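# Results of the structural survey
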Amino acid sequence: AATTLAVVALIGVHHYSNNGGRQALGDSTITTTATLPVSAAPPPPPVFIHVPKNGGTSIELLAAYHGVRLGMCAARSGAAFETGLGYATVPGLSCNVWHRPPIVPTAARHASSSSSASDAAATVIAGSFCLSRNPYDRLASQYRYKRGLFPEKFAPTCDAFDQFLNHRLQKLEQNALVRCLMRGTHAPEECS
């Protein structure tokens with residue numbers, strides 16, 4: 001719905017009136033009539049898609065400091081987001097909800113195989129954003145993180161890092177979801 005508002009301004013002072021009449025402020029009056037949208041609900045909050053080891057925790061904590069709930073700060077538990085916050089996630093994963101990949105919107109699953117701007121827009125979660133990182137830097141960061149937790153298992157050597165990489169790649173090759181997506185599936189939930 002929209003309503004017509006009379007906007008009166010005097011040297012940075014704004015007065016809004018919806019009665020259709022002129023509003024006088026002292027001796028000088030400027031009246032402009034414009035149609036402005038009036039919404040009963042505030043706009044939805046932004047949706048942060050947290051890709052692990054890409055700086056997401058820093059983004060979530062910075063947003064929380066400014067009163068915005070994103071990622072882990074938008075979750076009611078490790079298993080679910082608060083109502084109205086977050087996004088639908090791929091089922092069957094055991095990690096925290098803010099680390100799970102989103103389900104691709106329905107419109108994208110039924111789009112034709114031709115690639116167009118409207119098809120690409122259909123795959124976007126409204127109001128969402130994420131951070132990405134050089135994949136090599138991300139793997140090195142993940143190794144350093146694990147080394148901090150388990151120094152006896154993750155030595156500071158090239159051989160130990162090589163073993164870590166080989167183990168991660170083997171896990172990816174064996175992952176049913178990854179194998180399904182590599183076959184060209186449009187959405188992860190189609191793999192179950």
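Residues numbered from 1 in each chain as written. Predicted model: local features only at pLDDT ≥ 70, side-chain atom pairs only at ≥ 80, totals over all residues. Heavy atoms only, no water.

### Examining the overall build of the chain
Basically, it comes down to this: Numbering of helices and strands runs from the N terminus; a helix is a DSSP stretch of H or I covering at least four residues, while a strand is a stretch of E covering at least two. Relative accessibility decides the category of a residue: with a 1.4 Å probe and only protein chains considered, values under 20% of the type maximum give buried, values over 50% give exposed, and everything between is partly exposed. When checking whether two residues touch, look at their non-hydrogen atoms; a contact exists if any pair is within 4.5 Å. Each accessible area is a Shrake-Rupley result for a 1.4 Å probe, and residues are judged covered by the shown protein chains and nothing else.
Along its length, the chain carries six helices and five strands. In the chain, which comprises 192 residues, the proportion classed as buried is 22%. For the chain, contacts bridging at least 24 residues in sequence account for 38% of all contacts bridging at least 6. For the chain, the accessible area works out to roughly 13100 Å², and carbon and sulfur atoms hold 58% of it.

### Comments concerning the packing of aromatic side chains
Which entries qualify depends on this criterion: Pairing of aromatic side chains here covers Phe, Tyr and the six-membered ring of Trp, requires ring centres within 6.5 Å, and sorts the geometry by plane angle: under 30 degrees stacked, over 60 edge-to-face, intermediate tilted.
Within this structure, the stated rule accounts for seven aromatic pairs. Plain terms: the ring middles of Tyr 143 and Phe 161 are 5.2 Å apart, the flat faces sit at 80 degrees to each other, and that makes the pair edge-to-face. Pair noted here: Tyr 143 is in helix α4 (residues 135-149) and Phe 161 is in helix α5 (residues 158-174), with a separation of 18 residues, a long-range link. Of the residues examined, Phe 161 reaches a relative accessible area of 24% and is grouped as partly exposed. Taken together, Tyr 143, Phe 154, Phe 161 and Phe 164 form an aromatic cluster joined through their ring pairs.

### Examining unusual backbone geometry
When glycine is set aside, most residues are seen to have a negative phi, and most peptide bonds are trans. Within the chain, Lys 53 stands out as a residue other than glycine whose phi angle is a positive 65 degrees. With respect to the helices and strands, the residue Lys 53 is situated in the loop between β4 (47-48) and α1 (56-65).

### Concerning the nonpolar core
Put simply, the test is: Residue types Ala, Val, Leu, Ile, Met, Phe, Trp, Tyr and Cys, when buried and joined through side-chain atoms within 4.5 Å, form a set referred to as a nonpolar core.
Residues Val 47, Ile 49, Ala 74, Ala 75, Phe 81, Leu 85, Tyr 87, Val 97, Trp 98 and Ile 125 constitute the largest nonpolar core, which totals ten residues. In this view, Val 97 contacts Ala 75, Ser 77, Gly 78, Ala 79, Ala 80, Phe 81, Tyr 87 and Thr 89; residues no more than four positions away in its chain are not counted.

### Examining a nonpolar patch on the surface
Short version of the rule: Patch membership is restricted to residues that have no salt bridge and whose relative accessible area is over 30%. Joining uses 9 Å for like charges and 5 Å for the nonpolar side chains Val, Leu, Ile, Met, Phe, Trp and Tyr. Think of a salt bridge as a Lys or Arg side-chain nitrogen and an Asp or Glu carboxyl oxygen that are within 4 Å of each other.
A cluster of nonpolar residues, Tyr 145, Leu 149 and Phe 150, forms a patch on the protein surface that exposes about 300 Å² of accessible area. With respect to the helices and strands, the residue Leu 149 is situated in helix α4. Under the relative-accessibility criterion, Leu 149 is labelled partly exposed at 46%.

### Re the pattern of salt bridges
Following the criterion strictly, the structure yields one salt bridge and no others. Between Glu 82 and Arg 69 there is a salt bridge; the shortest N-O distance is 3.8 Å. Of this pair, Glu 82 sits in the loop between α1 and α2 (106-109) while Arg 69 sits in the loop between α1 and α2; the two residues are 13 residues apart in sequence, bridging distant segments of the chain. Take Glu 82: its relative accessible area is 29%, and that puts it in the partly exposed class. Residue classification places Arg 69 among the partly exposed positions, given a relative accessible area of 39%.

### Some details on α4
Which entries qualify depends on this criterion: A helix is expected to span 1.5 Å multiplied by its residue count minus one. Residues adjacent in sequence count toward polar contacts only when both atoms are side-chain atoms; beyond that, a polar contact is any pair of N or O atoms within 3.5 Å, and within protein one must be able to donate a hydrogen and the other to accept it.
Under the 1.5 Å per step criterion, the end-to-end length of α4 is 21 Å for 15 residues, consistent within 8% with the ideal 21 Å. The set of residues buried in α4 consists of Ala 140, Ser 141, Gln 142 and Tyr 143. In this structure, the buried side of α4 is in contact with α5. Two to three positions downstream of the cap, the backbone nitrogen of Tyr 136 sits 2.7 Å from a side-chain oxygen, assigning the N-cap of α4 to Asn 134.

### Let's talk about the environment of Val 90
Mapped onto the secondary structure, Val 90 falls in the loop between α1 and α2. Residues Val 90 and Ile 103, 13 residues apart in the sequence, show an inter-C-alpha distance of 5.4 Å.

### Remarks on the side chain of Asn 54
Looking at where Asn 54 falls in the secondary structure, it is placed in the loop between β4 and α1. One polar contact links the side chain of Asn 54 to the main-chain carbonyl oxygen of Pro 52, over a distance of 3.0 Å.

### Concerning the confidence of the model for the chain
Close inspection of predicted coordinates is inappropriate for parts of the model with low pLDDT. Our working definition: As a per-residue measure, pLDDT tells how confident the predictor is, with possible values from 0 to 100.
Per-residue pLDDT for the chain averages 74, and the proportion of residues at 70 or more is 68%. Taking the mean pLDDT of every element in the chain, the minimum, 34, falls on strand β1 (residues 2-10) and the maximum, 92, on α1. Note on residues 1-31: pLDDT is under 50 here. Beyond four places in sequence and across chains, it has 48 contacts. This stretch, residues 107-113, has a pLDDT under 50; its non-local contacts, to residues over four places away or in other chains, come to eleven contacts.

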